[in-house]
Amino acid sequence: MEKQRIKSADLAQPLHRRFLQEPNRTKNWGAIVEQYIIKGGIPLEGEVEIGGAKNAALAILAAANMTDETVYIENIPDVRDINAMLEAMEGIGTKVERVDRHTVKVNGAGLENCIVESESMKRIRASYYLLGALLGKYKKAQVPLPGGCNIGSRPIDQHLKGFKAMGAVTRIEHGFIIAEAEELHGAHIFLDMVSVGATINIMMAASMADGNTIIENAAKEPHVVDVANFLNSMGASIKGAGTDVIRIKGVKSLHRTEYSIIPDQIEAGTFMFAAAVTGGNVVLRNVIPKHLEATSAKLLELGCEVHEYDDAVRVISHGRLQNTHVKTMPYPGFPTDMQPQIAVSLALAEGTSIVTESIFENRFRYVDELARMGASVKVEGNVAVISGVEKFTGARVSAPDLRAGAALVIAGLAAEGITIVDDIYYIERGYENLDQKLRALGAQIEKVASEKEIQKFKLKVG
Ligand code: EPZ
């Protein structure tokens, strides 16, 4: 596998700073305007190492502020959303030391205030995790209203409902959410819908509230369990994470810990579908196969082979994929974050498939882009009816959000000819070195930033 090389001098300063200081990163929250260019049609083969789970890491970094002692966290992915979170934490006085590319030491003892003002924080959804973490520890927090991918309206009423039940007063002023409590106490909270963010946020605040909290209809995603395990390793008392009912006994203080983030099930699943559409044979290392079961089950329905090992999975794809139907559901159902990737695969399968998106209403925005490559997809409300075509042809497309962007890359890998994917800063929010990892599997893909580089790639691949 192609190794990532970083110069030792670069390690002297945190990655998120290095990133911000690079020249020309002015547009799209500091990003150079870059594209992926892909020559499709090559079956992916080989091994790929999966990184730490972005969505677990975002919450765990916020939770690391809940102790005055130093917390050591490994397997942090080096992606934009994480770097935005680290920058925001430094902005409120957290000491962040990047030990290496995937390891940080965090010390929240010197927090100057509980007002998170960082510009980049407004663009990521996970800014809300600082609300739960700071409210739990300091009984007050002020955080910008969350941004993130435009995949539908994304209210946080359930988070606020939980905080209010614990005695906090919340209000929105000048684009900030402010939460304060004279005393934060345990509560019995029924979530109206299964929400990953609300479950984690309430769990964090409740860890340092007085008394016991019960969260009913809790989210069961692997990253909810990972955050609970992390908090427990700091001295919290959380039971039942991974089930519908989570019980939390508040403690007075939390302490130092060393923790390694779980592998990213969505990054893994993305490579599994990339193997599927290219007729590939790929081993994914550093995964927890149990977390991938919904994805693996669908790949079997599509006609692929999936072999599970202790911490690896192999996907083998032979010939044309078969149609199937899929509906996104909270874990252990099929994840909404894998919906565009499976839809791209079904668009190349034999027959008609139906994809129902039941979590976010705006998650079919990639369909028009995919149509440029020859896909036949009709969307009505939250249902996409996909008539499989035999092949895609390369085209210039634009990533509308993180997972849809990754799905368009997958489409490009399968397409005949050249595909250019614009707006890849979305993809870089959640995928580390996607192009490098794909190249190591034999794909012809490069990151380019000019017409000249595009021409150079075309000449190279012939
Ligand atoms: C998390 O978002 C993830 N983000 C998303 O990943 C993921 O798609 C989503 O969970 C579902 O798995 C992070 O972890 C940072 P929810 P979150 O609260 O927490 C509704 C990616 O690509 N809802 O589980 O925002 C909501 O509108 C991203 O990595 C309310 O109505 O998702 C949605 O329909 C995109 N009120 C449903 O619940 C609330 O207070 C589930 O949302 C909260 C949620």
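It should be noted that the structure appears before, not after, this text.
**Student:** Account for the sheet that holds strand β2 (residues 45-49), with residues named and values stated.
**Tutor:** Read from one edge of the open sheet, four strands run β2-β14-β16-β15, paired in mixed fashion. Only two strands of the sheet have a single partner each, and these edge strands are β2 and β15 (305-308). Taken over all neighbouring pairs, the strand axes of this sheet differ in orientation by 15° on average, direction set aside. Running at roughly 145° to β15, helix α10 (residues 293-301) makes contact with β15 and β16 (312-316) of the sheet.

**Student:** If you had to explain the packing of aromatic side chains to someone new, which residues and values would you point to?
**Tutor:** Throughout the structure, instances matching the rule amount to four aromatic pairs. With a centroid separation of 4.8 Å and an interplanar angle of 85°, the aromatic rings of Tyr128 and Tyr129 are classed as edge-to-face. For the pair Tyr128 and Tyr129, a shared accessibility class is recorded, and that class is buried. Summarising the aromatic geometry, the rings of Phe230 and Tyr259 are spaced 5.4 Å apart at their centres and angled 80° between planes, so their arrangement reads as edge-to-face.

**Student:** Please set out the site of the ligand residue by residue, giving values where relevant.
**Tutor:** Neighbouring the ligand are 24 residues, the closest being Tyr128, Gln158, Ser195, Asp337 and Ile359. The separation between an oxygen atom of the ligand and a polar side-chain atom of Ser195 is 2.6 Å. Ile359 is positioned with one of its backbone polar atoms (N or O) 2.5 Å from an oxygen atom of the ligand. Bound to the protein, the ligand loses 91% of the 830 Å² it would expose on its own. Judged by the fraction of its atoms near the pocket grid, the ligand is located in the largest pocket. The biggest single contributor to the shell around the ligand is helix α6 (residues 157-165), with three residues.

**Student:** Help me get a handle on the environment of Ala141, residues and values and all.
**Tutor:** Relative to the assigned elements, Ala141 resides in strand β6 (residues 140-144). Separated by 14 residues in sequence, Ala141 and Pro155 have C-alpha atoms that sit 18 Å apart. Residues in contact with Ala141, not counting those within four places in the same chain, are Cys114, Leu130, Leu131, Leu134, Leu135, Ile177, Ile178 and Ala179.

**Student:** Can you tell me about the pattern of salt bridges, naming the residues and giving the values?
**Tutor:** Under the defined criterion, the tally for this structure stands at 25 salt bridges. Among the ionic pairs, Asp337 bridges to Arg363, the shortest N-O distance being 2.7 Å. Of the two residues, Asp337 is situated in the loop between β17 (325-327) and α11 (339-346) and Arg363 in the loop between β18 (352-356) and α12 (367-371); the sequence distance between them amounts to 26 residues. Of the two residues, Asp337 and Arg363, both sit in the buried class. We note a salt bridge from Lys378 to Glu380, for which the minimum N-O separation is 3.0 Å. Salt bridges here are not isolated pairs; linked through shared partners, they connect Asp78, Arg98, Arg101 and Glu432.

**Student:** Any details on the side chain of Thr270? Residues and values, ideally.
**Tutor:** As for its placement among the helices and strands, Thr270 is situated in helix α9 (residues 265-277). Residue Thr270 is classed as buried on the basis of its relative accessible area, which comes to 3%. Contact partners of Thr270, with chain neighbours within four places excluded, come to Met338, Gln341, Ala406, Ile410 and Tyr431.

**Student:** Account for unusual backbone geometry, naming residues and giving values.
**Tutor:** With an omega of 10°, the peptide bond between Tyr331 and Pro332 qualifies as cis. Within the chain, Lys139 stands out as a residue other than glycine whose phi angle is a positive 65°. Positionally, Lys139 belongs in the loop between α5 (128-138) and β6. In this structure Lys139 comes out as partly exposed when scored by relative accessible area, which is 22%. If you check the backbone angles, His174 has positive phi at about 50° while not being a glycine. Of note, His174 is situated in the loop between β7 (169-173) and β8 (176-180).

Basis of the calculations
Residues numbered from 1 in each chain as written. Predicted model: local features only at pLDDT ≥ 70, side-chain atom pairs only at ≥ 80, totals over all residues. Heavy atoms only, no water. Pairing = 2+ DSSP bridges. Helix = DSSP H or I, 4+ residues; strand = E, 2+ residues; numbered from the N terminus. Axes fitted to C-alpha atoms, helices over the stretch in contact; angles between N-to-C directions. Contact = heavy atoms within 4.5 Å. Phe/Tyr/Trp six-rings, centres within 6.5 Å; stacked < 30°, edge-to-face > 60°. Buried < 20%, exposed > 50% of the residue type's maximum accessible area, 1.4 Å probe, protein only. Near = heavy atom within 4 Å. Polar contact = N/O pair within 3.5 Å; in protein donor to acceptor, adjacent residues only side chain to side chain. Areas by Shrake-Rupley, 256 points an atom, 1.4 Å probe, with all protein chains shown as cover. 1 Å grid on protein atoms, 1.4 Å probe; cavity = no way out; pocket = protein on both sides within 12 Å on 5 of 7 lines; lining within 4 Å. Sits in = over half its atoms within 2 Å of the grid points. Salt bridge = Lys/Arg side-chain N within 4 Å of Asp/Glu carboxyl O.

None of this, on its own, says anything about what the molecule does.
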